[in-house]
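# Descriptive structure summary
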Amino acid sequence: MDWGIKNRLARIIKPETGHTVMLAVDHGYFLGPTSRLEEPHKTIAPLLPHADAVMLTRGILRAEVSPHTQTAIVLRVSGGSSIVGENLANEGITTSMEDAVRLNVAGVALSIFVGTKYEHQTLLNLAHLVDKGEEYGIPVLAVTAVGKELEKRDATYLALCCRIAAEIGARFVKTYYCENFEKVVKGCPVPIVIAGGPKLATEADALEIAHNAIQEGAVGVDMGRNIWQSDHPVAMIKAIRAIVHENASIKEALDILNGLKADKVKA
Ligand code: R5P
């Protein structure tokens, strides 16, 4: 692997543990001012020191994140559709590789929509992005997006998506945790991170997903709403970190979370 790609990947997936905590705050690119991400800098700034990488668009990066940050940037470079539009899967590439280089990113991310009307288009988007990424030494993260059809998230479908993304040349893949997740990991020759999805009923549910994903072979999480829609986002990301980097059990992570909540109440 080219030195630049290896170096950038090591800024995201920490060599010390082989794992990563990515903070996803790119939701506005199709959802607009999502709840608790209305003023992104207020959400992002306290969480940034606890994330190995942050995933976002160039607009939010430029306007809402300090250029002094030491957290790796994974730039969302696909889009072109919205939650109120005709079809969320109808995405193109929205940011050039040259701009990604100017922004000093560690990686770029793009969604693929396998099994939809836009499968071919989004897979060719990925192929084009990988060609450009390899030219500049920037790893590409393929996101196996499911649009509004969350019921599609089973192991057979996600294994298909992840494998196709890796075959086209994605250096790492983001997908959903699911039952029989080992099947997804086994069929995918590049590292996998998991999204959190919409906010779950309890924080314990989100910690459980992160824990199970790591135990079953994910290298980390690229989590958004289950962190920053929590009433205790910093405590939540710290608990996730313990799971991802310190092999904490669900109970240990919950103890960290509850301890930090209690400290905040006392302060
Ligand atoms: C999908 O690619 C979105 O843009 C998010 O990055 C992704 O869904 C992760 O965020 P969440 O954990 O909120 O699902």
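The structure under discussion appears in the preceding block.
Structural notes, computed from the coordinates. (Residues numbered from 1 in each chain as written. Predicted model: local features only at pLDDT ≥ 70, side-chain atom pairs only at ≥ 80, totals over all residues.)

### Things to note about the overall build of the protein chain
Helix and strand content of the protein chain: 12 helices and 10 strands. Based on the C-alpha atoms only, the size of the protein chain along its principal axes is roughly 55 × 40 × 40 Å. Sorting the 267 residues of the protein chain into buried and exposed places 48% on the buried side. When contacts within the protein chain are restricted to residue pairs at least 6 apart in sequence, those whose partners lie at least 24 apart make up 67%. (Helix = DSSP H or I, 4+ residues; strand = E, 2+ residues; numbered from the N terminus. Buried ≥ 20, exposed ≤ 12 C-beta atoms within 10 Å, placed from the backbone. Contact = placed C-beta atoms within 7 Å.)

### Thoughts on the site of the ligand
Around the ligand, the surrounding shell holds 15 residues, and the nearest of these are A24, A195, G196, G224 and R225. Counting only elements with at least two residues in the shell around the ligand, the list comes to β10 (220-223) and α10 (225-228). (Near = placed C-beta within 6 Å.)

### A word on the pairing of strand β2 (residues 53-56)
Put simply, side chains in a regular strand alternate between the two faces of the sheet. Residues A53 and M55 of β2 are buried on one face, and the alternating residues V54 and L56, pointing to the opposite face, are buried as well. In the sheet, strand β1 (residues 20-24) pairs with β2 via 3 bridges, with the strands oriented parallel. Looking at β2, one finds that L23 is bridged to V54. A crossover connection joins β2 to the parallel strand β3 (residues 72-76) through helix α4 (residues 58-64); in handedness this β-α-β unit is right-handed. (Pairing = 2+ DSSP bridges. Right-handed = clockwise from strand over helix to strand, strands pointing away.)

### Remarks on the environment of K199
For K199, the location among the structural elements is in the loop between β9 (192-195) and α9 (203-215). Overall, K199 belongs to the partly exposed group, with 18 C-beta atoms counted inside 10 Å. Along the backbone, K199 and R225 are 26 residues apart, and their C-alpha atoms lie at a distance of 5.5 Å. Every residue in contact with K199, bar those within four places of it in the chain, is listed here: R225, N226 and Q229.

### Quick word on the nonpolar core
Buried together is how nonpolar side chains tend to be arranged in soluble globular proteins. Counting 91 residues, the largest nonpolar core has V74, V108 and I240 as the members making the most contacts within it. Looking at this core element by element, the count peaks at 8 residues for helix α11 (residues 233-246). Leaving out residues up to four positions away in the same chain, V108 has contacts with L75, V77, A100, L129, G133, I138, V140 and L141. (Core = buried A, V, L, I, M, F, W, Y, C linked by C-beta atoms within 7 Å.)

### Here's the deal with the pairing of β10
Here β10 shows a buried face lined by G220 and D222 and a second buried face lined by V221 and M223. Sheet analysis places β1 next to β10, joined by 4 bridges and oriented parallel. Note that in β10 the partner of V21 across the bridge is V221. With 2 bridges joining them, β9 and β10 adopt parallel strand pairing. Of the residues in β10, the one forming a bridge with I194 is V221. Running through α9, the crossover from β9 to the neighbouring parallel element β10 is right-handed.

### Observations concerning the packing of helix α6 (residues 119-136) against helix α7 (residues 155-168)
The contact between α6 and α7 brings their axes to 9 Å, and the two run at 35°. Between α6 and α7 lies a crossing whose hand is right-handed. For the pair formed by α6 and α7, the contact residues are L123, L126, A127 and V130 on the first element and I164, A165 and I168 on the second. When grouped by side-chain class, the residues that make up the contact of α6 with α7 number 7 nonpolar, no polar and no charged. (Axes fitted to C-alpha atoms, helices over the stretch in contact; angles between N-to-C directions. Left-handed = near helix turned anticlockwise from the far one by under 90°. Nonpolar A, V, L, I, M, F, W, Y, C, P; charged D, E, K, R; others polar.)

### Regarding the sheet that holds β3
Spatially, the 8 strands close up into a barrel ordered β1-β2-β3-β6-β7-β8-β9-β10, and their pairing is parallel. Within the sheet, the average angular offset between the axes of one strand and its neighbour, ignoring direction, is 25°. Note: β3 against strand β6 (residues 107-112), 3 bridges, orientation parallel. Paired with R76 across the two strands is A109, which belongs to β6.

### Details of the environment of G85
With respect to the secondary-structure elements, G85 resides in the loop between β4 (78-79) and β5 (92-93). G85 sits 55 residues away from F30 along the chain, and the two C-alpha atoms are 9.3 Å apart.

### What about the packing of α9 against α11?
Between α9 and α11, the shortest axis-to-axis distance is 9 Å and the interhelical angle comes to 25°. Between α9 and α11, the angle is such that the two are roughly parallel. Crossing of α9 over α11 shows right-handed handedness. On α11, the residues that touch E203, L207, A210, H211 and I214 of α9 are M236, A239, I240, I243 and V244. Within the contact of α9 with α11, the residues separate by chemical class into 8 nonpolar, 1 polar and 1 charged. (Parallel < 35°, antiparallel > 145°, perpendicular 65-115°, else oblique.)

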